[in-house]
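Structure at a glance
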Amino acid sequence: MSARPEPEATECRTCEELDHEEAVARAQRDSSRETDCRVLRRRHLAAEHDYGA
């Protein structure tokens, strides 16, 4: 399964926060939290950036 690239949303604070939280989870080897962050980011992208709707 190939994932399509996500759009750049560098000016969106929520996107940045979710990306940071995912990076922290990855560094702490917390794969469950890392997955949660990815799911939340995709939901946010669909709701706020009309991506993947």
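To be clear, the structure that these remarks concern was listed above.
How each quantity is defined
Per chain, residues are indexed from 1 in the order of the written sequence. Only residues with pLDDT of at least 70 get local features here, since the model is predicted, and only at 80 or more are side-chain atom pairs given and counted; chain-wide, interface and lining totals rely on the full set of residues. Hydrogens and water molecules were not included; the side-chain quantities draw on all heavy atoms of the structure. The salt bridge criterion pairs a side-chain nitrogen of Lys or Arg with a carboxyl oxygen of Asp or Glu, the two atoms within 4 Å. Think of it this way: any DSSP run of H or I at least four residues long counts as a helix, any run of E at least two long counts as a strand, and we number them from the N terminus. Take the residue count of a helix, subtract one, and multiply by 1.5 Å to get its expected span. Accessible area is worked out with a 1.4 Å probe on protein chains only. A residue is then buried under 20% of its type maximum, exposed over 50%, and partly exposed in between. Here the arc refers to the directions that run from the helix axis out to each C-beta atom. The contact rule is simple, with two residues in contact once any of their heavy atoms fall within 4.5 Å. Side-chain atoms alone can form a polar contact between residues adjacent in sequence; in general such a contact is a pair of N or O atoms within 3.5 Å, and within protein one must be able to donate a hydrogen while the other accepts it.

**A closer look at the pattern of salt bridges**
- Applying the stated criterion to the full structure yields 7 salt bridges.
- Here R13 ties to E17 by a salt bridge, and the two come within 2.8 Å at their closest N and O atoms. Of this pair, R13 and E17 both sit in helix 1 (residues 13-27), separated by 4 residues, roughly a single helical turn.
- Via salt bridges that share partners, E22, R26, E34 and R38 belong to a single interconnected network.

**Concerning helix 2 (residues 31-48)**
- In a regular helix each residue adds 1.5 Å, so 18 residues correspond to 26 Å; helix 2 covers 25 Å between its end C-alpha atoms and thus fits that length.
- Among the residues of helix 2, E34, C37, R41, H44 and L45 are the ones counted as buried. The buried residues of helix 2 occupy an angular sector of 100° when projected down its axis, which confines them to one face. For helix 2, the exposed residues lying more than 90 degrees away from the buried face are R43 and A47.
- Taken from the residues just after helix 2, D50 is the one with a positive phi, measuring 50°.

**A few points about helix 1**
- In this model, helix 1 (15 residues) spans 21 Å end to end at C-alpha, consistent with the 21 Å of a helix rising 1.5 Å per residue.
- Positive phi shows up at R29, right after helix 1, with a value of about 55°.

**Thoughts on the environment of R33**
- As for its position among the elements, R33 is in helix 2.
- Taking C-alpha positions, R33 is 7.2 Å from E22, a pair spaced 11 residues apart along the chain.
- Discounting chain neighbours no more than four positions away, the residues touching R33 are E21, V24, A25 and Q28.
- Within the structure, R33 has its side chain in polar contact with the side chain of Q28 (distance 3.0 Å).

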